[in-house]
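Per-entry structural report
Listed here are the chains, written in short residue letters.
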Amino acid sequence: MTLPTSTAGRVCTGFDHPAQLTRQQFLKNFGMGLGALALSSSLGDQPARGDGVLGGTHRSGRIKRVIYMFNSGGPSQIELFDHKPELKRLHGTELPESVRKGQRLTTMTGSQSSLPLAGSSFAFKRYGDGGNEISELTPHLAGLADDICIIRSMHTEAINHGPAVTYMQTGSQFPGRPSMGAWMDYGLGTENSNLPAFVVLVTKGKGGQPLLSRLWGSGFLPSRYQGVRFRSGKDPVLYLTNPNGVDASARRLMLDRLRELQQAGGRSGKQASDPLLEARIAQYELAFRMQRSIPEATDFSSEPKHIFDEYGKDSKNPGTYAANCLLARRLAERGVRFIQLYHPGWDQHGGLPGGIRNQCRETDQASAALVTDLKRRGLLEDTLVIWGGEFGRTSYCQGKLAPNNYGRDHHPRCFSMWMAGGGGRGGTTYGQTDPFSYNIAENPVHIHDLHATILHLMGIDHERLTFRYQGRQFRLTDVHGNVIQDLLA
Amino acid sequence: MRSLLTGSAVFFVLGATSVAVAADKPVDFVRDVRPILSDKCFKCHGPDENARQGELRLDLEVAARKVLSPGKPADSELLKRIASRDPDHRMPPADSKRTLSSREINILQRWVKQGGRYKAHWSFQPVAAVQVPAVKNGGWCRSPIDRFVLSRLEAGGVVPSREAARERLIRRVTFDLTGLPPTLEQIDAFLADKSDKAFDKVVDRLLESPAFGERMAAEWLDIARYSDSYGYQVDRDRHVWPYRDWVVRAFNSNMPYDQFVTWQLAGDLVPKPTRDSRLATTFNRLHSQKVEGGSTPEEFRVEYVADRNHTFAMAFLGLTLECARCHQHKFDPIAQEEYYQFFAFFNNIDESGVYSYFTSSVPTPTLLLSNDKQKAAMVAAEAKVAESEASWRKVTDQRRAAFGKWLEARKPDARSPSPLPGRVYHNDFEKAPGGANRSVTGRFGKAARLTGDDGIGTGVGNFRRFQPFSVSLWMLTPEEKKRAIIFHRSRAWTDAGSRGYQLMLEDGRLSGSLIHFWPGNALRVVTRRKFPVGDWHHVTMTWDGSNRARGLKIYIDGRPSAVTLVRDNLYKNISGGGGDAITIGQRFRDRGFKNGSVDEFSVFNRRLTDLEVAQLFDGRSLDEALATPADQLTRTQREGLREYFLETVDKPYSDQRQAVQAARKTRCESYDGVTEIMVMSDLDATRRRQTYVLRRGAYDAPTEKVEPGTPASLPPFPADAPRNRLGLARWLTDDGHPLTPRVAVNRLWQQCFGSGLVRTPEDFGSQGLPPTHPALLDWLSRDFVSGGWNLKRTLRQIVLSATYRQDSAASKELVARDPDNLLLARGASYQWPAEMIRDNALWASGLLVDKRGGSPARPYDLAVSFKPVKVDSGEGLYRRSLYTFWKRTGPAPVMMTLDASKRDVCVVKRERTSTPLQACVLLNGPQFIEAARVMGQAMLKKHGENVDAMLVEMFRRLTSRAPTDRERKILRGGFDEQLAYFQADPKRAEVFLKTGKAPVEKGIPAVRIAAAAMVANTLMNFDECVTKR
């Protein structure tokens, strides 16, 4: 008898897929056999295991994990990384049509009668041996000039926050695709079975453009690959903590009874051999271990004072950006694959000088401390740290140009990011924009290229990490993306 | 953290390896060959012309003959190329990242050898009239369904599983049909009923239960991507739950599926549309909607239409159209042009791509959801307006004599009053205009020259739509403006849906509008002639309070302009939303009147007459008419004076005008108080929106025109059907349609078995899986259509089958042979959907509030969602999960953890996962802890000291069966040790019992309640409680 061809044989192409594994091998790969796992009440961490669909990387990767500091709202490249003396000279004059070339503006400034250029209020200097140009707004980052690679030639097509952030996180402007972290989890799995492979940390209490849970969602991938957002309260994970009055001993008793019940075989009384049930039993044991491992990872009480000093005083206040940077390091140490920070508030349509100064005050010290801390612990070698937003800002002023005040609208045609750590070229700047920071003059890097490059650093061929959905193979880079070799050390 | 054996992917994998095609077995093109060609070849040799390589296409038999010689493998270039050892010669090429396995090569070789014939994709072929197959073990079969299943089992030498135990069966079917467990009484009655028809009776009872509609709706709302908020980034709440309640009603009344489909697609176009038929079309408006500042409205409007199109195709045709939006579909026979033919059906409503930021206007088109009382009030108010307007016309006529008398009585030196009556604002711009606007030489003295970014406020003008008003000014435009705001009373442009009124220059013409929500709830007139450029002209806009576009007049240089009616459908207020006073020359995020000049700007709280407007222009028309003796008046002067007399002098006339205004006020208020919902309503023939093929799917890249139509690969569009959504519905629900009934019955099957006969319900195209039982699918489809598209009837057949009644326990051998249960030799087993798990806990504890419909409920977990919402107190905490408030950017976290659909886009099958996060929710979530505690206290109250009896009842309520002795012992052990734990420190029990808002039972020791609650908590996490078995 012939059974219809199953989809999964065609899930991925070009590499070994679990389709080729036997059931036994498969179960074995999933944590040393479920029975053993289920019966183990050991609180010890599980050893690392590659349980992603790739069953390993395509080639040896430079990095094992990513810490992505997503600064959302559109941080202004002109104030931070893309030094443009020419704009100061032309301050107040109209943006030449020869630069704009009729490209679309948002409807926020599309109707504005005048588009006066605005020079940055902030000074730039060259730092380190590599001479990276860094703004006075980020003095701590300046100290790391030789550890970071600045990309000045990022570009996107999205012009508003929702689509632009979605694009950066999922490779598509429209909802429904998996986020980068979900792809990594799907492809490579976790290094620590007691913690999620993809953790999301959002700065608490920030206004600005709202973030959505779908930004770290799994899209069409199974939902187990979605990012787990750690909350800043007592339950870092939804309902992780036992109810009041129930301590770990009572929970252990209860879980033991539950396991007995599940293994009692129901009415037949026969020991169950059902995979669904085995999975279920194992998940409860994992949940129990997480009740210890997650609070342990999020508990800062063992951190010495000099660490808090280094990250800044906010780092003692859970949920702040600084505390999230410190937590990111702790999670990286514990083998979390993809750690995504979000810090909103960079959307300065007006009052930019004051606004961006505040943003930098909240982020500069801790961002730099994280890189330094990772470096000191030897983790920077196989960790990629990324800092950036969803698009840049216009060289012309939005609203009224005042002597000491101005705003900038969204600008997709160029923006800046920086990267540090494994495989990146510290002390260099990649790509150039025109004197207006309006169009890219040299070495453009599209979002798809960035994604392809990050996957490459992980050891993944971006064209071969695919998932079949709605009848076709999907990937993070859609049908685009080139690895930017010049960004690699 | 890693979930272990999760749903589909893994199981399919193992299924695939068991497929081995024997060397000489006949190859089936559709089942074996086309999937290979489609997956590995069509990308470059398929329907897409632009991607085609080497001018070779393999999707058409004739074209493929170039490389295929039927029956002669040795002469077939295709076979040579796929088997070539030369990497430069081999197909697929290395850079395609596609490879053929040796098994696939073998299939292609055998196929060519056997003749290399093509066949249309199975799902595009007509539903076959199939014979119910003969079987050996006819005694096992209860219905034709079973014969199809058994014939396949017998062919493979597999024996069906025995029937599930009765408790298991009633639990399974009660969940499947109503989403709730059976009561103990229902179980006992079924166990006691020894008749042949015992199970039939249960099924019939369930199908008639009102919970049936709720269960069906839970599935449908995923398909309809129903949510109580707009989605995208800002994600405000929206009022769409009346659609959800309609869905429940439709299922409960067993509305035939063809009607169910027709109403949702085209309930506005059916003969004699009703409120419900129109409400059903909300289906097409449930896509995400945008409000983010700076968005380009057309970009998102196109996105809305695309979403409608994709949802239509996936929900009803089981096809994924998305690919064809940008290019020819690579795998299925859907051309890009055909995508836009479908698109055209949904592209013809009066909508905007953004909803209102500053107001809560409902995006148009809308349906007024008036209740009977409101409806009566609206009808009465309309009648009153008609009546008072008729009296007014009569009075106008009757006052001719009075006018004559007045004419005669005029003094020879009569002059028009200055200012004209009703002037509430005047600016002659002799003072500096403010902002960066400049003071320049004007029409009279000085005028304001505008920057376009600096508005001039007036402080007046917050008129309601029943109030007449007039605005007059001199203006000079330096050039022909594409768009410029002259004056307005509103907060912003599209961000506010432009609520208010405005006068603009658009494409060089004056455009006056009154707007509730642009474009569907507004009126607009535009002058036929372009406005003169470069010198001063006088402009007046007058409004008569009538609510109709012809009541809005634009005068240029004292004379009424001929206008085009652009919109005439205002039915809600024009006030509110901020920006309450008239601003001149600028609007937030709109284009101002840059370098334009204005002078002598006046606002009147009445409609000026023609003669008065002329007087404002030339300073003499009215004066001259007033000074002219009656016998020397021209006909125009005389008519002008009569109007002037009536409007400014005559009391009986103005009394009646007041009465009309009062009636109009009542009418406006009767509409303003009625809630609305988004529905479909086509633009009429004169305004029909032309659809274009969009290059790469981009909103701003239209290419050729297309008309509504259906793909060539599917049945022809009925010749006599209109080319609109109603025609589309007729085409779709034609008895001979190959896809509609198959897709529908497949989902019914999925609802009962966890997976459809086609396991890719989202894709009946060539990339989807073929049916496991093609003949059964076709038999069911035919039976469904001939039975009148009767959903309950088909469901009844499915659950009464012996196939459905099988036990889910399977031998190791069977699991190894058929891990995915593709053969259906056993009952289905999987974790119940999110709604059922939560509803079951509420039901078992007695907390479930059995209230149907109405505004959404906000249970505990919404407080910890990503977008926290204030939770309800009282019944909102305990309603069925169908009613839980669904916010797209922060859906109920318990539901999400338990694999509910996100409801961003149409989803026809949920993922099933098993993660420790689910364990956390069921172990510690307050909804579940509270339910366990309430259950514990209720059981203790009922059973007193008889702990064992209590534990048995708990077990029965949560699993529908009695515990075995072993299980009893485990439960008793659990109770005793938890009791000891709480007794060791009774404070533990006190704090534990505080979870949840339900009262704690007084009179029972807290430690006992706590211990009983922990046992209930154990059982609520027990496999048999949350898993279909």
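Focus: the overall build of chain A
- Within chain A, the secondary structure is distributed over 14 helices and 17 strands.
- Evaluated residue by residue, chain A yields a buried proportion of 61% over its 489 residues.
- Across chain A, contacts joining residues at least 24 apart in sequence account for 76% of those joining residues at least 6 apart.

Topic: the overall build of chain B
- Broken down by element type, chain B carries 38 helices and 21 strands.
- Each of the three principal axes of chain B carries a C-alpha extent, and together these read 115 × 90 × 50 Å.
- In chain B, which comprises 1029 residues, the proportion classed as buried is 57%.
- Restricting to contacts in chain B with at least 6 residues of sequence separation, those with at least 24 account for 70%.

Considerations on the domain arrangement of chain B
- For chain B, the domain assignment lists domain 1 (20–119), domain 2 (138–213 + 785–829), domain 3 (228–345 + 690–737), domain 4 (421–607) and domain 5 (924–1028).
- Taking the mean C-alpha position of each, domain 1 of chain B and domain 4 of chain B sit 68 Å from one another.

With respect to helix H6 (residues 102–113) of chain B
All names here are of chain B.
- Relative to the 16 Å expected for 12 residues at 1.5 Å per residue, H6 spans 16 Å between its end C-alpha atoms, a close match to the ideal helical length.
- Among all positions in H6, only Glu-104, Ile-107, Leu-108, Arg-110, Trp-111 and Val-112 are buried.
- Against helix H2 (29–40) and helix H5 (77–83) lie the buried residues of H6.
- Among the residues trailing H6, Gly-115 stands out with phi positive, at a value near 125°.

Describing the pairing of strand E4 (residues 148–155) of chain A
Residue and element names in this part refer to chain A.
- Judged by how many residues are buried, E4 sits mostly within the fold: eight of eight residues are covered.
- Two elements, E4 and strand E11 (residues 415–421), share five bridges in a ladder whose sense is antiparallel. The residue bridging Met-154 from the neighbouring strand is Phe-415, located in E11.
- Relative to strand E12 (residues 428–430), E4 runs parallel, the two sharing three bridges. Across the sheet, the residue bridging to Ile-150 is Thr-429, located in E12.

Thoughts on the confidence of the model for chain A
- Of the residues in chain A, 88% reach a pLDDT of 70 or more, and the chain-wide mean stands at 85.
- Contacts for the low-pLDDT stretch residues 1–50 of chain A, under 50 throughout, to residues beyond four places or in other chains number 100 contacts.

A look at the environment of Asp682(B)
Residues and elements named next belong to chain B.
- Note that Asp-682 resides in the loop between strand E17 (676–678) and strand E18 (691–694).
- Taking the C-beta count within 10 Å as the criterion, Asp-682 has 20 such neighbours and is therefore assigned buried.
- Expressed as a C-alpha distance, the spacing of Asp-682 and Leu-769, which sit 87 residues apart in the sequence, is 37 Å.
- Sequence-distant contacts of Asp-682, defined by excluding residues within four places in its chain, comprise Asn-348, Ile-349 and Asn-724.

Notes on the packing of helix H25 (residues 740–753) of chain B against helix H27 (residues 791–800) of chain B
All names here are of chain B.
- The interhelical angle for the contact between H25 and H27, taken along N-to-C directions, is 45°, at an axis separation of 10 Å. Taken together, H25 and H27 sit at an angle that is classed as oblique. The crossing of H25 and H27 is right-handed. When H25 is examined against H27, the residues Val-745, Leu-748, Trp-749 and Cys-752 are found in contact with a partner set consisting of Leu-791, Thr-794, Leu-795, Ile-798 and Val-799.
- Partitioning the contact of H25 with H27 into residue classes produces eight nonpolar, one polar and no charged.

Topic: the packing of H2(B) against H6(B)
Residue and element names in this part refer to chain B.
- Running from amino to carboxyl end, H2 crosses H6 at an angle of 120°, the nearest separation of the two axes being 10 Å. With respect to each other, H2 and H6 are oriented oblique. Between H2 and H6 lies a crossing whose hand is left-handed. Counted together, Phe-29, Asp-32, Val-33 and Ile-36 of H2 and Glu-104, Ile-107, Leu-108 and Trp-111 of H6 form the full contact between these two elements.
- Classifying every residue of the contact of H2 with H6 gives six nonpolar, no polar and two charged.

Comments concerning helix H13 (residues 352–376) of chain A
Residues and elements named next belong to chain A.
- Between its first and last C-alpha, H13 extends 35 Å over 25 residues, near the 36 Å set by a 1.5 Å rise per residue.
- Maximum bend of H13: about 35°, positioned at Cys-360.
- Trailing H13 by a residue or two, Gly-378 shows a phi angle of about 75°, which is positive.

Quick word on the pairing of strand E8 (residues 500–506) of chain B
All names here are of chain B.
- Counting buried positions along E8 gives six out of seven residues, so the element sits mostly inside the fold.
- In this sheet, E8 lies alongside strand E7 (residues 483–489) in antiparallel orientation, the contact comprising six bridges. From the neighbouring strand, Phe-487 faces E8, where its bridge partner is Leu-503.
- Bridge count between E8 and strand E9 (residues 509–517): seven bridges; the pairing is antiparallel. Across the sheet, Gln-502 pairs through a bridge with Ser-513, a residue of E9.

Structural notes on the environment of Thr394(A)
Residue and element names in this part refer to chain A.
- Within the secondary structure, Thr-394 is located in strand E9 (residues 392–397).
- Note on Thr-394: 28 C-beta atoms within 10 Å, which makes it buried.
- Remark: the alpha-carbon pair of Thr-394 and Glu-463, spanning 69 residues in sequence, is separated by 34 Å.

Here we look at unusual backbone geometry
- With an omega of -10°, the peptide bond between Met91(B) and Pro92(B) qualifies as cis.
- Mapped onto the elements, Pro92(B) comes out in the loop between H5 and H6.
- Cis geometry is found at the peptide bond from Thr364(B) to Pro365(B), where omega equals -5°.
- Within the fold, Pro365(B) resides in the loop between helix H17 (336–345) and strand E1 (366–368).
- The phi dihedral of Tyr239(A) is positive, around 55°, even though this residue is not glycine.

Description of the sheet that holds E7(B)
All names here are of chain B.
- Spatial ordering of the open sheet is given by E5-E15-E7-E8-E9-E10-E14, a layout of seven strands whose pairing is antiparallel. A strand with exactly one partner marks an edge of an open sheet, and here the two such strands are strand E5 (456–457) and strand E14 (563–568).
- Two elements, E7 and strand E15 (residues 583–584), share two bridges in a ladder whose sense is antiparallel. Bridging from a neighbouring strand, Phe-487 pairs with Ile-584 of E15.

Concerning the nonpolar core
- Membership of the largest hydrophobic core comes to 327 residues, with the highest contact counts inside it found for Ala328(A), Cys920(B), Met954(B), Ala1010(B), Ala1012(B) and Val1015(B).
- Ignoring any residue separated from it by four or fewer positions in sequence, one finds Ala1010(B) in contact with Gly245(A), Phe982(B), Ala989(B), Phe992(B) and Leu993(B).
- By size, the runner-up hydrophobic cluster in this structure holds 66 residues, among which are Phe463(B), Met475(B), Val525(B) and Leu570(B).

Some details on the environment of Thr106(A)
- One can find Thr106(A) in the loop between helix H5 (97–100) and strand E2 (124–127).
- If sequence neighbours within four positions are ignored, Thr106(A) has contacts with Ile159(A), Asn160(A), Asp409(A), His410(A) and Gly294(B).

Overview of the confidence of the model for chain B
Residues and elements named next belong to chain B.
- In this model, chain B carries a mean pLDDT of 92, and residues with pLDDT of at least 70 account for 97%.
- Throughout residues 1–21 the model reports pLDDT below 50, and contacts reaching past four residues in sequence, or to other chains, amount to 70 contacts.
- ipTM for the predicted complex: 0.84, alongside a pTM of 0.84.

Definitions and cut-offs
- Residues numbered from 1 in each chain as written.
- Chains lettered and ligands numbered in written order.
- Predicted model: local features only at pLDDT ≥ 70, side-chain atom pairs only at ≥ 80, totals over all residues.
- Helix = DSSP H or I, 4+ residues; strand = E, 2+ residues; numbered from the N terminus.
- Buried ≥ 20, exposed ≤ 12 C-beta atoms within 10 Å, placed from the backbone.
- Contact = placed C-beta atoms within 7 Å.
- Domains from an automatic or database assignment.
- Expected span 1.5 Å × (residues − 1).
- Pairing = 2+ DSSP bridges.
- pLDDT = per-residue confidence, 0-100.
- Axes fitted to C-alpha atoms, helices over the stretch in contact; angles between N-to-C directions.
- Parallel < 35°, antiparallel > 145°, perpendicular 65-115°, else oblique.
- Left-handed = near helix turned anticlockwise from the far one by under 90°.
- Nonpolar A, V, L, I, M, F, W, Y, C, P; charged D, E, K, R; others polar.
- Bend = angle between axes of the 7 residues up to and from the residue.
- Core = buried A, V, L, I, M, F, W, Y, C linked by C-beta atoms within 7 Å.

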